Amino acid sequence: MTGVRLEPAQTLLANLSTAELRQLAARTRVQISRAGSRSALVRRLTEQLDVDRIADVLRRLFPKTGRTPADSLRLDRVARLCGEATVQVYSRSRPAMGMVLLELRPSCLTLRTNSVPLFLENRWPVIVRDVGEVPRTRLYAGFIRPRRLHPAAQAAPPATRPYIIDEGTYGLRAGRLRFELKYSGPISFRVALLRRHQPTNRPSYLLTPIA
């Protein structure tokens, strides 16, 4: 993906609000200005902390939550899942922003990430957000090049007109999420619940690469 800068520390912090950035600074004892902008906060934190330190603090930054009815599909707790998967970006002009679709039969689970390149790189922790299920026909409903749909498309692309940049299979067992992708090859992550987003109560996960 040309034109994409791989900035793992900035990508992790991009998921946090200004208040959460200040909490992270307090936990790590990084001195920050009270009047600093959000971008200044991110810059200061990335100057002082590496990716591993940020990921370690993120796991402890958010309070633990109890079980809910949606936990039957929580990726860090579900016993086993497997199926087809596609990696999609929202457009050729925004190749970093995108989503991963996991086949659930008869639907797909959509995981949104603000760094598809870092996800495929499989060397850095990334955050993905569960945004719910969509019909299985969405799995290949995207473009592989301008004006050319994926040959397995079973429906018209959604309004975001995504590009499918990789595809293959996935397996999930005991909090380990493994992919066998056509172009990126095998990639594996350990899944940990990071937090829940209100009011949807949808979880965000921290995916940590498995060597």
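**Some points on the packing of helix α2 (residues 18–28) against helix α3 (residues 38–48)**
Packed helix pairs are specified by the crossing angle of their axes together with the interaxial distance, meaning the distance between the axes.
Point 1. Taken N-terminus to C-terminus, the directions of α2 and α3 make an angle of 30°; their axes are 10 Å apart at the nearest point. Classified by the angle between their axes, α2 and α3 sit roughly parallel to one another. Here α2 runs over α3; the crossing is left-handed. When α2 is examined against α3, the residues Thr18, Leu21, Arg22, Leu24, Ala25 and Thr28 are found in contact with a partner set consisting of Arg38, Leu41, Val42 and Leu45.

**Side note on the pairing of strand β10 (residues 202–209)**
The side chains of a regular strand alternate, residue by residue, between the two faces of the sheet.
Point 1. Of all eight residues making up β10, six are buried, and the element is well covered by its neighbours.
Point 2. With four bridges connecting them, strand β4 (residues 126–135) and β10 associate as antiparallel partners. Within β10, the residue paired with Arg129 across the bridge is Ser204.
Point 3. Pairing analysis gives eight bridges linking strand β9 (residues 185–197) to β10, with the strands arranged antiparallel. Residue pairing in the sheet places His197 in a bridge with Arg202 of β10.
Point 4. Between β9 and β10, which follow one another and run antiparallel, lie four residues, and Asn201 among them has a positive phi close to 65°.

**What about the side chain of Arg196?**
Point 1. Among the structural elements, Arg196 can be located in strand β9.
Point 2. Engagement of the side chain of Arg196 in a polar contact is seen with the backbone oxygen of Asn201, the distance being 3.0 Å.

**What about a positive patch on the surface?**
Point 1. A cluster of basic residues, Arg59, Arg176, Arg178 and Arg190, forms a positive patch on the protein surface.
Point 2. With respect to the helices and strands, Arg59 occurs in helix α4 (residues 51–61).
Point 3. Judged by relative accessible area, which is 36%, Arg59 ranks as partly exposed.

**Quick notes on the nonpolar core**
As a rule of thumb, soluble globular proteins bury nonpolar side chains together.
Point 1. The biggest cluster of nonpolar side chains holds 29 residues, and the ones touching the most others in it are Leu102, Phe119, Tyr170, Leu172, Phe179 and Leu207.
Point 2. When neighbours within four sequence positions are excluded, Leu102 is seen to be in contact with Glu84, Ala85, Ser107, Cys108, Leu109, Leu111, Tyr170 and Phe179.
Point 3. Of all hydrophobic cores here, the second largest spans 22 residues; its members include Leu21, Val42, Leu45 and Leu61.

Definitions and limits used
Sequence order sets the numbering: in each chain, residues are counted from 1 along the sequence as written. Where local features are concerned, this predicted model is filtered to residues with pLDDT of at least 70; where side-chain atom pairs are given and counted, the filter is 80 or more; whole-chain, interface and lining totals use all residues. To get the side-chain values, all heavy atoms of the structure are used, and hydrogens and water are removed first. Here an axis means a line fitted to C-alpha atoms, over the contact stretch when the element is a helix, while the angle between two N-to-C directions is reported on a 0 to 180 degree scale. Only runs of H or I of at least four residues qualify as helices and only runs of E of at least two qualify as strands under DSSP, and these elements are numbered from the N terminus. Comment on the angle field: the value is read as roughly parallel under 35 degrees, roughly antiparallel over 145, roughly perpendicular from 65 to 115, and oblique elsewhere. Left-handed is the label given to a crossing in which the near helix is rotated counterclockwise from the far helix by less than a right angle, and right-handed is the label when the rotation is clockwise. Contacts are assigned to residue pairs that have any heavy atoms within 4.5 Å of one another. Partly exposed describes any residue whose relative accessible area lies between the buried limit of under 20% and the exposed limit of over 50%, with all areas from a 1.4 Å probe on protein chains only and scaled to the type maximum. When DSSP finds at least two bridges between two strands, those strands are taken to pair. Distance and chemistry together define a polar contact, namely a pair of N or O atoms within 3.5 Å, with one atom able to donate a hydrogen and the other to accept it when in protein, and with adjacent residues in sequence counting only for side-chain atoms on both sides. Grouping into patches uses exposed residues only, defined as over 30% relative accessible area, and leaves out salt-bridged ones; the cut-off is 9 Å for like charges and 5 Å for nonpolar side chains (Val, Leu, Ile, Met, Phe, Trp, Tyr). Computed with a 1.4 Å probe, the accessible areas rest on the Shrake-Rupley method; for each residue, only the protein chains presented here act as cover. Put simply, a salt bridge is a Lys or Arg side-chain nitrogen that is within 4 Å of an Asp or Glu carboxyl oxygen. Only four residue types enter the charge count, namely Lys and Arg as positive and Asp and Glu as negative; His and the chain termini do not. Where a charge lies is defined by one atom per residue type: Lys uses NZ, Arg uses CZ, Asp uses CG and Glu uses CD. Buried residues of nine kinds, namely Ala, Val, Leu, Ile, Met, Phe, Trp, Tyr and Cys, make up a nonpolar core once their side-chain atoms join them within 4.5 Å.

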